[in-house]
Amino acid sequence: MISDDQDEVIDKSADPWTAHDETMASIGFWAMARQLPVLIGQVLRECWAVSKRDTAALVLCSLIAEVFTAVGLLATTNVLERLFAGGPTPERLRAAAPALFLILAAVVLRGTLRQAAVWVRSRLDPQIRRSLRVRLLESTTGVRLSAFDDDVFHNTLHRVRERAQHAVRLLLEGTLRLLAGGISLIAVGGVLTVLHPVLLPLMLLALAPTWWASVRTAHLSYEVYAASSGAERRLETLTTLMADRGPAGEVRAYTMRDFLLREFRQLAVHVQDRTLRMERRQAVSQSIGEALSAAGVGVVYLVLGVLLFAGALPLAVAGTAVVAIQTAMSTLRGVVESLHWTYENALYYRDYLNFLAAAHERRERRGGVRPPPEVDRIRARGLTFTYPSGDRPALNGVDIDIEPGEIIALVGENGSGKTTLAKILSGLYEPDSGTVTYGGVPLTDIDLELLRDRIAVIAQNFTHWPFSARQNITIGRADHPQSATALKQAAAAAGADEVFAELPKGADTLLDPTYAGGSELSGGQWQRIAVARGLYRDAPLLICDEPTAALDARTEHAIFETIRRHAAQRTVVLITHRLASVRYADRIYVLDHGRIAEHGAHRELMSRNGIYAEFYNLQARAYE
Ligand code: ADP
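This is a predicted model, so every value here is computed, not measured.

J.: Looking at this model, I keep getting lost on the overall build of the protein. Mind explaining?
T.: For the protein, the helix and strand inventory stands at 20 helices and 10 strands. Relative to the globule expectation of 25 Å for 624 residues, the C-alpha radius of gyration of the protein, 35 Å, shows a markedly less compact shape. Projected onto the principal axes, the alpha-carbon positions of the protein cover approximately 120 × 50 × 50 Å. For the protein, buried positions account for 46% of its 624 residues. A sequence separation of at least 24 residues applies to 76% of the contacts in the protein between residues at least 6 apart. Roughly 30800 Å² of accessible area belongs to the protein as shown, and the carbon and sulfur atoms make up 58% of that amount. Seen as two clouds, the 67 positive and the 68 negative side-chain charges of the protein have centres 5 Å apart.

J.: Which parts of the structure should I look at to understand the packing of helix H10 (residues 257-310) against helix H11 (residues 318-361)?
T.: The axes of two packed helices give the description: the angle between them and the distance between them. Running from amino to carboxyl end, H10 crosses H11 at an angle of 160 degrees, the nearest separation of the two axes being 12 Å. Taken together, the axis directions place H10 and H11 in an arrangement best described as roughly antiparallel. When the axes of H10 and H11 are compared, the crossing they make is right-handed. Contact residues: H10 offers Glu290, Val297, Val300, Tyr301, Leu304 and Leu308, while H11 offers Ala318, Ala321, Val322, Ile325, Gln326, Met329 and Arg333.

J.: Please clarify how the packing of aromatic side chains should be interpreted in this entry.
T.: Aromatic ring pairs are described here by two measures, namely the spacing of the ring centres and the angle between the planes. Scanning all chains against the criterion turns up 9 aromatic pairs. Judged by centre distance (5.1 Å) and plane angle (70 degrees), the rings of Phe148 and Phe153 are edge-to-face. Here Phe148 falls in the partly exposed class, since its relative accessible area comes to 34%. Exposure remark for Phe153: the relative accessible area of 5% places this residue in the buried category.

J.: I'm lost on the site of the ligand in this one. Help?
T.: In the neighbourhood of the ligand, the contacting residues comprise Asp149, Tyr387, Ser389, Ala394, Glu413, Asn414, Gly415, Ser416, Gly417, Lys418, Thr419 and Thr420. Within the contact set of the ligand, a nitrogen atom lies 3.5 Å away from a side-chain nitrogen or oxygen of Tyr387. Taking Lys418, its main chain carries an N or O atom lying 2.9 Å from an oxygen atom of the ligand. Within the complex, the protein chains bury 66% of what would otherwise be the 560 Å² of accessible surface of the ligand. When the residues that make up the shell around the ligand are grouped by side-chain class, the tally is 2 nonpolar, 7 polar and 3 charged.

J.: Got a minute to help me understand the sheet that holds strand E10 (residues 595-600) in this structure?
T.: Sheet strands pair by backbone hydrogen bonding; their relative direction is either parallel or antiparallel. Reading across from one edge, E6-E7-E8-E3-E9-E10 is the order of the 6 strands in this open sheet, with mixed pairing throughout. Of all strands in the sheet, those bounded by a partner on one side alone are strand E6 (455-458) and E10. Sheet twist, expressed as the mean angle between neighbouring strand axes with direction ignored, is 15 degrees. As defined by bridge partners, strand E9 (residues 587-592) adjoins E10 across 5 bridges and the pair is classed as antiparallel. Bridge assignment links Ile588 to a residue of E10, and that residue is Gly600. Contacting strand E3 (407-412), strand E7 (541-545), strand E8 (571-575) and E9, helix H12 (residues 418-425) runs over the sheet at an angle of about 145 degrees to E3.

J.: Any chance you could explain the environment of Thr435 here in plain terms?
T.: Among the structural elements, Thr435 can be located in strand E4 (residues 433-438). Here Thr435 falls in the partly exposed class, since its relative accessible area comes to 44%. Note: C-alpha distance between Thr435 and Ala321 (114 residues apart in sequence) is 79 Å.

J.: I keep staring at the sheet that holds strand E5 (residues 441-442) and nothing clicks. Help me out?
T.: Here we have 4 strands laid out as an open sheet, ordered E2-E1-E4-E5, and antiparallel in their pairing. Because the sheet does not close on itself, it has two edges, and the strands there are strand E2 (395-402) and E5. Sheet topology note: the strand E1 (residues 378-385)/E4 ladder contains 5 bridges and is antiparallel. Opposite Ala380, over in E4, you have Val436 as the bridge partner.

J.: Just to check I follow, could you spell out the layout of surface pockets for this structure?
T.: One water molecule sets the probe size; rolling that probe over the atoms shows where empty space is left. In this structure, the largest pocket spans a volume of roughly 1400 Å³. Around the largest pocket sit 36 residues that line it, and Leu428, Val457, Ala459, Thr463 and Trp465 are the ones nearest its centre. Looking at the lining of the largest pocket, the elements with two or more residues in it are H12, helix H13 (448-453), E6, helix H17 (523-536) and E7. Along the lines of polarity and charge, the residues of the lining of the largest pocket split into 17 nonpolar, 9 polar and 10 charged. What the second largest pocket holds in volume is close to 470 Å³. Secondary-structure elements contributing two or more residues to the lining of the second largest pocket are helix H5 (89-140), helix H6 (151-195) and helix H8 (229-243). Per-element tally for the lining of the second largest pocket: the top contributor is H6, with 8 residues.

J.: Explain the nonpolar core here, please?
T.: One finds Ile473, Ile529, Ile588 and Tyr612 to be the most contacted residues of the largest nonpolar core, which totals 46 residues. Top element by residues in this core is H17. It accounts for 7 residues. Among all residues touching Tyr612, those that are not within four sequence positions of it are Val411, Leu579, Val582, Ile588, Val590, Glu598, His602, Leu605 and Met606. With 44 residues, the next largest nonpolar core counts Val50, Leu136, Val215 and Leu347 among its residues.

J.: Just to check I follow, could you spell out the environment of Ala318 for this structure?
T.: Within the secondary structure, Ala318 sits in helix H11. Note on Ala318: relative accessible area 14%, which makes it buried. For the pair formed by Ala318 and Leu307, sequence separation is 11 residues and the distance between their alpha carbons is 9.8 Å.

J.: Explain H6 here, please?
T.: Structural remark: α-helix, 3.6 residues per turn; residues separated by three or four positions point the same way. Largest kink in H6: about 50 degrees, centred on Arg163. The N-cap residue of H6 is Asp150: its side-chain oxygen and the backbone nitrogen of Val152 are 3.0 Å apart.

J.: Would you explain a nonpolar patch on the surface in this entry?
T.: A surface patch of nonpolar side chains, amounting to about 340 Å² of accessible area, comprises Phe101, Leu104 and Val108. Examined against the element boundaries, Phe101 turns out to sit in helix H5.

J.: Before we go on, may I ask you to explain unusual backbone geometry in this structure?
T.: Glycine aside, residues mostly have negative phi angles, and peptide bonds mostly take the trans form. Phi is positive for Thr255, close to 40 degrees, though the residue is something other than glycine. The topology assignment puts Thr255 in the loop between helix H9 (245-253) and H10. Residue Asn609 is not a glycine yet carries a positive backbone phi of 60 degrees. Assessed through its relative accessible area of 61%, Asn609 is described here as exposed.

J.: How should I be thinking about the packing of H5 against H6 in this particular structure?
T.: For the pair H5 and H6, interaxial distance at closest approach is 10 Å and the crossing angle is 150 degrees. Considering only the axes of H5 and H6, their crossing is right-handed. Contacts between H5 and H6 involve Arg121, Leu124, Asp125, Ile128, Arg129, Leu132, Arg133, Leu136 and Thr140 from the former and Leu157, Val160, Arg161, Ala164, Gln165, Val168, Arg169, Leu172, Glu173 and Leu176 from the latter. A class-by-class count of the residues in the contact of H5 with H6 yields 10 nonpolar, 2 polar and 7 charged.

J.: Would you mind showing me how to read the confidence of the model for the protein here?
T.: Note: predicted coordinates in regions of low pLDDT should not be interpreted at a detailed level. Taken over all residues, the pLDDT of the protein has a mean of 88, while the share at 70 or more is 95%. Of the regions scoring below 50 in pLDDT, residues 1-7 engages in 11 contacts with residues more than four places distant in sequence or in other chains.

About the cut-offs
- Chains are numbered independently. Their residues run from 1 in the order of the written sequence.
- The predicted origin of the model limits local features to residues at a pLDDT of at least 70 and limits the giving and counting of side-chain atom pairs to 80 or more, whereas totals for whole chains, interfaces and linings rest on all residues.
- Heavy atoms from the whole structure form the basis of all side-chain values; hydrogens and water molecules are not counted.
- Helix and strand assignments come from DSSP, with helices taken as H or I runs of at least 4 residues and strands as E runs of at least 2, each series counted from the N terminus.
- In this treatment the radius of gyration is a C-alpha quantity, and the globule benchmark scales as 2.2 Å times the residue count to the 0.38 power.
- Each residue is assigned to one of three classes by its accessible area relative to the maximum for its type, calculated with a 1.4 Å probe on protein chains only: buried under 20%, partly exposed between the two thresholds, exposed over 50%.
- We call two residues contacting when some pair of their heavy atoms lies within 4.5 Å.
- Here the Shrake-Rupley method, with its probe set to 1.4 Å, supplies the accessible areas, and only the displayed protein chains count as covering residues.
- Working convention for charge: Lys and Arg count positive, Asp and Glu count negative, and His plus the chain ends are omitted.
- By convention, charge coordinates are those of NZ in Lys, CZ in Arg, CG in Asp, or CD in Glu.
- To obtain an axis, a line is fitted to C-alpha atoms, over the contacting stretch when the element is a helix, and the angle between two such axes runs from 0 to 180 degrees between their N-to-C directions.
- When an angle is under 35 degrees it counts as roughly parallel; over 145 it counts as roughly antiparallel; between 65 and 115 it counts as roughly perpendicular; any other value is oblique.
- In a left-handed crossing the near helix is turned counterclockwise from the far helix by less than a right angle, and in a right-handed crossing that turn is clockwise.
- Only rings of Phe, Tyr and Trp enter the pairing, Trp through its six-membered ring, and a pair is recorded when the two centres are within 6.5 Å. The plane angle decides the type: under 30 degrees is stacked, over 60 is edge-to-face, the rest tilted.
- Here, proximity means that at least one heavy atom of the residue falls within 4 Å of the molecule or strand.
- Pairs of N or O atoms are called polar contacts if they sit within 3.5 Å, as long as, within protein, a hydrogen donor faces a hydrogen acceptor (for residues adjacent in sequence, only side-chain-to-side-chain pairs).
- All amino acids are sorted into three groups, where Ala, Val, Leu, Ile, Met, Phe, Trp, Tyr, Cys and Pro are nonpolar, Asp, Glu, Lys and Arg are charged, and the leftover types, Gly among them, are polar.
- If DSSP finds at least two bridges between two strands, the strands pair.
- A cavity here means a set of points on a 1 Å grid, drawn over the protein atoms and nothing else, where a 1.4 Å probe fits but cannot get out; a pocket is an open set with protein on both sides within 12 Å along at least five of seven lines, and a residue lines either one if it has an atom within 4 Å of a point.
- Grid points are joined across faces, edges and corners, and a volume is the space filled by probe spheres set on the points.
- The criterion is simple. A nonpolar core is a set of buried Ala, Val, Leu, Ile, Met, Phe, Trp, Tyr and Cys residues joined through side-chain atoms within 4.5 Å.
- One fitted axis covers the seven residues ending at a residue, a second covers the seven starting there, and the bend at that residue is the angle between these axes.
- Only residues whose relative accessible area exceeds 30% and that take part in no salt bridge are eligible for patches, with like-charged residues grouped when within 9 Å of each other and nonpolar side chains (Val, Leu, Ile, Met, Phe, Trp, Tyr) grouped when within 5 Å.
- When a carboxyl oxygen of Asp or Glu lies within 4 Å of a side-chain nitrogen of Lys or Arg, that pair is called a salt bridge.
- For every residue, the predictor states its confidence as a pLDDT score lying anywhere from 0 to 100.

Structural data, given as structure tokens:
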């Protein structure tokens with residue numbers, strides 16, 4: 001009944017960024033209702049894991065507080081019964097006095113305990129937030145790289161980052177309120193049933209439409225929110241473009257402001273319209289629910305009248321009955337509201353759990369054999385790979401051999417597959433078909449963590465880590481046995497020592513000018529740092545992807561010399577367009593549209609007069 005008309009609300013055709021998430025579509029109302037107790041249990045376990053003491057205190061305080069609510073409620077009916085009984089007023093007051101004191105005590109105790117519960121909850125909240133955030137990051141850093149090419153992964157991650165922490169807090173709150181409501185309901189139900197057994201079922205029936213409306217509303221909110229996560233993520237991307245330091249210069253230089261703002265406005269209006277449509281539907285559902293419930297309540301009073309009229313209920317308890325019905329009504333409303341609250345937040349929390357589960361499924365392989373000592377005798381056969389979003393293979397049947405101590409160059413036009421090949425060789429992506437062996441052992445059998453330990457990658461799009469210059473080089477190798485000497489050597493070899501010299505606090509300068517005391521480097525200076533990072537890693541296999549693109553001629557020459565020296569003891573895979581630097585490679589593989597077009601040493605390739613010779617002569621001519 002709830003998901004039938006979702007498509008109309010979500011209107012997937014109009015928004016190219018609408019999330020088409022399979023996991024979302026599969027939530028039926030009953031499935032969710034069945035999952036609710038499990039999710040509640042999970043939340044309580046989540047709390048228990050961060051603090052047993054606080055969780056126990058919270059549940060106990062909340063439960064006992066509600067027991068006092070129930071006691072107060074029962075005492076109230078007792079007072080009313082005595083006040084409405086026959087006899088002189090002072091007598092009746094005296095008879096009601098003990099129950100009145102009980103009410104007073106219950107109110108005081110309940111108030112104190114509720115306050116204690118609020119305090120404990122505010123203690124639990126930051127602990128849960130911390131735990132959820134850490135777990136999320138443990139999970140995002142443990143998934144296979146290919147997950148980051150998947151929009152469902154990003155959309156769910158976006159929702160989880162936005163909502164999960166709050167959802168857990170609110171779900172916990174909802175659960176406690178539900179628990180409290182349940183206890184009150186038992187007390188009120190008892191009173192009503194004693195008055196007349198038909199009253200409680202009738203009231204439950206009367207409030208059923210409100211309950212239906214609130215669950216439907218919760219479901220609508222979630223569905224629309226989930227479907228909008230692609231668009232919301234896009235809005236966030238656009239916000240970053242307009243509010244972050246990186247693109248700020250280009251936004252101005254290319255006068256992109258109007259374009260970006262227009263894109264943002266269009267999408268924001270779309271998201272807003274979708275939300276407004278949802279709000280309208282929610283309002284309609286709620287009005288229907290309320291109207292039906294109001295009619296139901298009317299029926300309850302009608303039945304009460306009939307019971308009184310027929311003498312099934314003594315007139316003396318009519319007042320008590322009216323008060324009891326009103327109390328029951330507000331308790332039931334509270335329960336319905338808590339259910340709504342719990343239900344909606346359980347949907348968001350479910351997202352979080354689903355994300356963790358999906359991330360676990362896609363986690364990087366751990367375990368396996370140690371990489372053999374000849375980690376750099378690499379053999380790849382028939383490698384084929386298509387990116388999840390790609391429509392043609394980035395690699396198509398690639399064979400490559402790398403012997404220990406060799407310099408292997410990968411050359412080819414942009415987009416020919418060089419970087420992809422390097423990523424597959426270093427175990428960052430798994431090929432769709434084909435094999436890579438290290439020292440004769442298939443890559444799929446080798447422990448990835450240990451393998452990566454033996455590889456240093458100087459990536460083309462390396463990260464500008466917002467840490468100190470020193471940390472930018474030593475990052476990932478904090479336990480280097482001779483860190484000081486190694487840092488000095490790596491920095492000198494890459495020309496990073498000259499960069500340090502110009503920084504206000506030398507190697508300890510923070511490389512992020514958006515923080516106080518932070519500095520920025522030029523593109524070439526950054527590249528020297530990145531090269532130093534690769535050299536400092538001191539791994540038997542060095543993969544350099546365009547290591548000198550941003551370097552000045554002198555530094556470039558020095559770096560290639562360093563790489564050649566480095567290669568005397570190690571294996572180097574070098575991707576570069578500077579063919580003059582490739583001449584010295586032991587073997588050159590020329591990639592073309594994901595295939596190896598030709599391979600061999602410089603001389604052989606020149607004499608073949610193929611693609612390589614053409615590129616080389618073009619570059620050589622440019623220098624003449
Ligand atoms: P090269 O390093 O030779 O310039 P790449 O290996 O980076 O080429 O890219 C090969 C092909 O794969 C290109 O067509 C590129 O558009 C595509 N590609 C690269 N990375 C991705 C990605 N993450 N998702 C989808 N396609 C990609």
